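Observations on chain architecture
Here are the chains, one letter per residue:
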Amino acid sequence: MEGAPEHSCIPPISQKNAEWKGHPHPHTRARTRPKGIDGGAGKESQKGGWLVYVITSGMVFAKMKSRIVALVVLDAALVVLAAWMGVCPLGAQSAAPPSADATGRAPGQGMLDRLQAMMAGGKSAWTPEQLAVMERLRGAAMKDPYALDELRHLTYNIGPRLSGSPQAAKAVEYVAGEMRALGAEVTLEKAKVPHWVRGEEKAELVSWPGQAAGTTQKVVLTALGGSVATPPGGITAEVLVVDDWDQLHALPPGAVTGKILVFNHKFDKELAAVGNGLNAYGGGVVYRGAGPIAGGAVGAAAVLVRSVGGADYRIPHTGQTAYAPGVPKVPAGAVSAEDADMLKVLTSQGPVTMHLTLTPETLPDADSFNVIADWKGTEHPEDVVIVSGHLDSWDLGTGAIDDGAGVVVSMQAIHLLKELGIHPKRTVRFIAWMSEEEGSQGAAAYMAEHKDEAAHHIGAIETDLGADHPSGIYFAGKEALGGWLRPVSTVLEAIGAETLTSSPETGEDIAGLTELGVPSFAPVQDSRFYFNYHHTAADTFDKVDPKHLNENAAVVTVLAYALADSAEQAPR
Ligand SMILES: [Zn+2]
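Computed from a prediction, not measured in an experiment: that's the story for all the values here.

So, about the environment of Lys170. Note that Lys170 resides in helix α6 (residues 166–181). In this structure the C-alpha to C-alpha distance between Lys170 and Ile158, which are 12 residues apart in sequence, comes to 7.1 Å.

This is the structure in structure tokens:
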């Protein structure tokens, strides 16, 4: 863990990973590799009578999902309340993003290095014939249009797939049908999921310094997932802007009461530009997740956050927020970065008043499903390797990069096994998860249904960081996985996807399996541009480069086959 003192009140973001370079231990900067999220990643310490968690995984905040949020949120609520009472110095550790540490290709880790390591390091888990099968799968994935065709249908024909929506239900039916058509054994496993609908969302300034008489000024925003509504006619209140937790804490008691509180934490574009998009996201997402609780705790009328993303086209980014028991629920939205800048400037000049209308509704939980499709193993059908993405999406765009792409590259794995007539020893299990965005209720249902089967889960793959070029594979579990996978990375070198990177987390939906010791994996995707579109109206089909999508399909298909057909199971 870097730069996070023991007394830290606000969970810091640590460097995401240590890159695995064929050494016994990660030899990048000193850092810990926390195990798990809510159970293991929190480091408890006592401060002023308040239990404070120091979170050590960057992925934790980067992913910002319910189990995580629940922890963050409860912590944040305590922190805010404590701070207000002068117990704990709020912002003792701000959520400043870490220094850049690109996770690209390992310098000096060429083919020769790995061959030498292989010769020194023992036998491969795959025969030359199996490696040749991997090369065939890789080649087919780079040519076959199936993944792109499926993504086009999911996004253009079905559209956004918000949890609980008719489109999400249609997508379940569609994907299940496609998997049946391939000859896979399909099961729909039930999950109760949130059913939140967006409603109207608009805001305008009604008074500000320098205002021309009789005018208002539009503010571009969107409601955060799970937000409660304003009254139908909206609220009118003074705007108060803070850049971070420190500035909130520095305000005198009562300063926030009745106001629209804006968290103006800037997305670190430079960090994203050098390939650390996930860390840049992690630096801001804490405000989206916990900001409404922090504001609600001190009497804000509503809370707005600066959008957590890098786009420059005055476009707001939605995403799930959360409330905490005992803290008033206040309407919550995200303003575009440009509007956050404007609010910052105008409020520094004098009083600014906003009229804000958000009318989302939280309907009763809906019945939905994870789509599960098994390509049965020939020798050990009871042993499964999961290849997956999440089928739900936000509603502003059409969920192409988040996470239609993850679903279709996983569908492609089954499709290519069929096309090439390949039947591995173990079962390859495709899963399209439901409701990842609003709390991973689908994953929770799967864990409940399969809780006694961890030993039969040989590996789990999830793709949920878009569809840009993959430079290799993240793995979570034993360090030995890095060496074990080396022959696979050699196959993937032809498409520039040969790195092997140790990570505490690989995907939110498979995090429960990771915690149970199931070796877990994800493609290492180029994250420089992902957060420009993520959770916005611009997450659409055209953002996916067909070649890059195929590369991702190649990575997950080759890896799924490798895990399902290896001589021995992956180390765990
Ligand atoms: Zn996602």
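For the rest of this paragraph, the subject is the packing of helix α4 (residues 128–143) against helix α17 (residues 546–565). Two elements in contact, α4 and α17, have axes separated by 8 Å at closest approach and are oriented at 155°. One finds that α4 runs roughly antiparallel with respect to α17. Every pair of crossing elements has a handedness; the one defined by α4 and α17 is right-handed. Mapping the contact onto sequence places Gln130, Val133, Met134, Leu137, Arg138, Ala141, Met142 and Lys143 in α4 and Lys547, Asn550, Glu551, Ala553, Ala554, Thr557, Val558, Tyr561, Ala562 and Asp565 in α17. Of the residues that constitute the contact of α4 with α17, the class distribution is 10 nonpolar, three polar and five charged.

Compared with the 18 Å implied by 1.5 Å per residue over 13 residues, the 19 Å span of helix α10 (residues 337–349) between its first and last C-alpha is a close match. Among all positions of α10, only Ala337, Asp339, Ala340, Met342, Leu343 and Leu346 are buried.

Attention now goes to the pairing of strand β10 (residues 302–306). Most of β10 is tucked away, with five of its five residues classed as buried. Across the two faces of β10 the burial is the same, with Ala302, Leu304 and Arg306 and Val303 and Val305 all buried. As paired elements, strand β9 (residues 260–263) and β10 share four bridges and run parallel to each other. Each residue of the ladder has a partner; that of Leu261, found in β10, is Val303. Where β10 meets strand β11 (residues 332–335), four bridges bridge the pair, whose relative direction is parallel. Directly across from Leu304, in β11, lies its bridge partner Gly333.

Glancing now at the coordination of the zinc ion. On the protein side, the zinc ion has His390 (NE2), Asp402 (OD), Asp464 (OD) and Asp464 (OD) as donor atoms, found 1.9 to 2.7 Å from it. Sequence spacing of the donors to the zinc ion: H-x11-D-x61-D. Remark: Asp402 occurs in helix α11 (residues 400–419) and His390 occurs in strand β14 (residues 380–390); sequence separation between them is 12 residues. The class of Asp402 is buried, set by a relative accessible area of 3%.

A separate point is the packing of aromatic side chains. According to the stated counting rule, one finds 10 aromatic pairs in the structure shown. When the centroid spacing of 4.6 Å and the interplanar angle of 20° are considered together, the rings of Tyr281 and Phe531 count as stacked. Of this pair, Tyr281 sits in helix α9 (residues 277–297) while Phe531 sits in helix α16 (residues 530–533), and the two are 250 residues apart along the sequence. For Tyr281, a relative accessible area of 2% corresponds to the buried category.

The strands that make up a sheet pair up through hydrogen bonds in the backbone, lying either parallel or antiparallel. The eight strands lie next to each other as β6-β5-β12-β8-β9-β10-β11-β7, forming an open sheet whose pairing is mixed. Lying at the two open borders of the sheet, with one neighbouring strand each, are β6 (217–219) and β7 (221–223). Shown here is a sheet whose adjacent strand axes are inclined to one another by a mean of 35°, direction ignored. In this structure, strand β5 (residues 201–207) lies alongside strand β12 (residues 353–358), joined through six bridges in antiparallel fashion. The residue of β12 that forms the bridge with Ala203 is Leu356. Each of β9, β10 and β11 touches α9; the most contacted strand, β10, lies at about 155° to it. With respect to the sheet, α10 is in contact with β5, β6, β8 (235–242), β9, β10, β11 and β12, its orientation differing from that of β6 by roughly 130°.

With that settled, consider the pattern of salt bridges. Counted by the stated rule, this structure contains 16 salt bridges. Note that Arg306 and Asp341 form a salt bridge whose closest N and O atoms lie 2.8 Å from each other. Placement of Arg306 in strand β10 and of Asp341 in helix α10 is noted, with a sequence separation of 35 residues between them. Judged by relative accessible area, Asp341 falls into the partly exposed class, the value being 33%. As a salt-bridge pair, Arg314 and Asp339 come within 2.8 Å of each other at their nearest N and O atoms. Here Asp339 lies in helix α10 and Arg314 lies in the loop between β10 and β11, a separation of 25 residues in the sequence. Judged by relative accessible area, Arg314 falls into the partly exposed class, the value being 37%. Beyond isolated ion pairs, a larger network of salt bridges with shared partners links Glu185, Asp374, Lys376 and Arg429.

A word on helix α5 (residues 146–158). When the terminal C-alpha atoms of α5 are compared, their 17 Å separation across 13 residues agrees well with the 18 Å that a helix rising 1.5 Å per residue should span. Turning to α5, the residues buried within the fold contact α6, α11 and α17.

A few words now on the side chain of Glu462. Among the structural elements, Glu462 can be located in strand β16 (residues 457–462). Owing to a relative accessible area of 0%, Glu462 belongs among the buried residues under this scheme. Polar side-chain contacts of Glu462 include one of 3.5 Å to the backbone nitrogen of Glu508. Side-chain polar atoms of Glu462 contact the backbone nitrogen of Asp509, separated by 2.9 Å. In this structure, Glu462 is in contact with Ser388, Gly389, His390, Trp433, Thr506, Gly507, Glu508, Asp509, Ile510, Phe521, Ala522 and Pro523, ignoring residues within four places of it in sequence.

The next thing to look at is the pairing of β16. Most of β16 is tucked away, with six of its six residues classed as buried. The pairing of β14 with β16 spans five bridges and is classified as parallel. Considered in β16, the bridge of Val384 is made with His457. Note: β16 against strand β19 (residues 520–525), two bridges, orientation parallel. Within β19, the residue paired with Ala460 across the bridge is Ser520.

Conventions and cut-offs
- Residues numbered from 1 in each chain as written.
- Predicted model: local features only at pLDDT ≥ 70, side-chain atom pairs only at ≥ 80, totals over all residues.
- Heavy atoms only, no water.
- Helix = DSSP H or I, 4+ residues; strand = E, 2+ residues; numbered from the N terminus.
- Axes fitted to C-alpha atoms, helices over the stretch in contact; angles between N-to-C directions.
- Parallel < 35°, antiparallel > 145°, perpendicular 65-115°, else oblique.
- Left-handed = near helix turned anticlockwise from the far one by under 90°.
- Contact = heavy atoms within 4.5 Å.
- Nonpolar A, V, L, I, M, F, W, Y, C, P; charged D, E, K, R; others polar.
- Expected span 1.5 Å × (residues − 1).
- Buried < 20%, exposed > 50% of the residue type's maximum accessible area, 1.4 Å probe, protein only.
- Pairing = 2+ DSSP bridges.
- Donors = N, O, S within 2.8 Å, 3.2 Å for Na, K, Ca; no water.
- Phe/Tyr/Trp six-rings, centres within 6.5 Å; stacked < 30°, edge-to-face > 60°.
- Salt bridge = Lys/Arg side-chain N within 4 Å of Asp/Glu carboxyl O.
- Polar contact = N/O pair within 3.5 Å; in protein donor to acceptor, adjacent residues only side chain to side chain.

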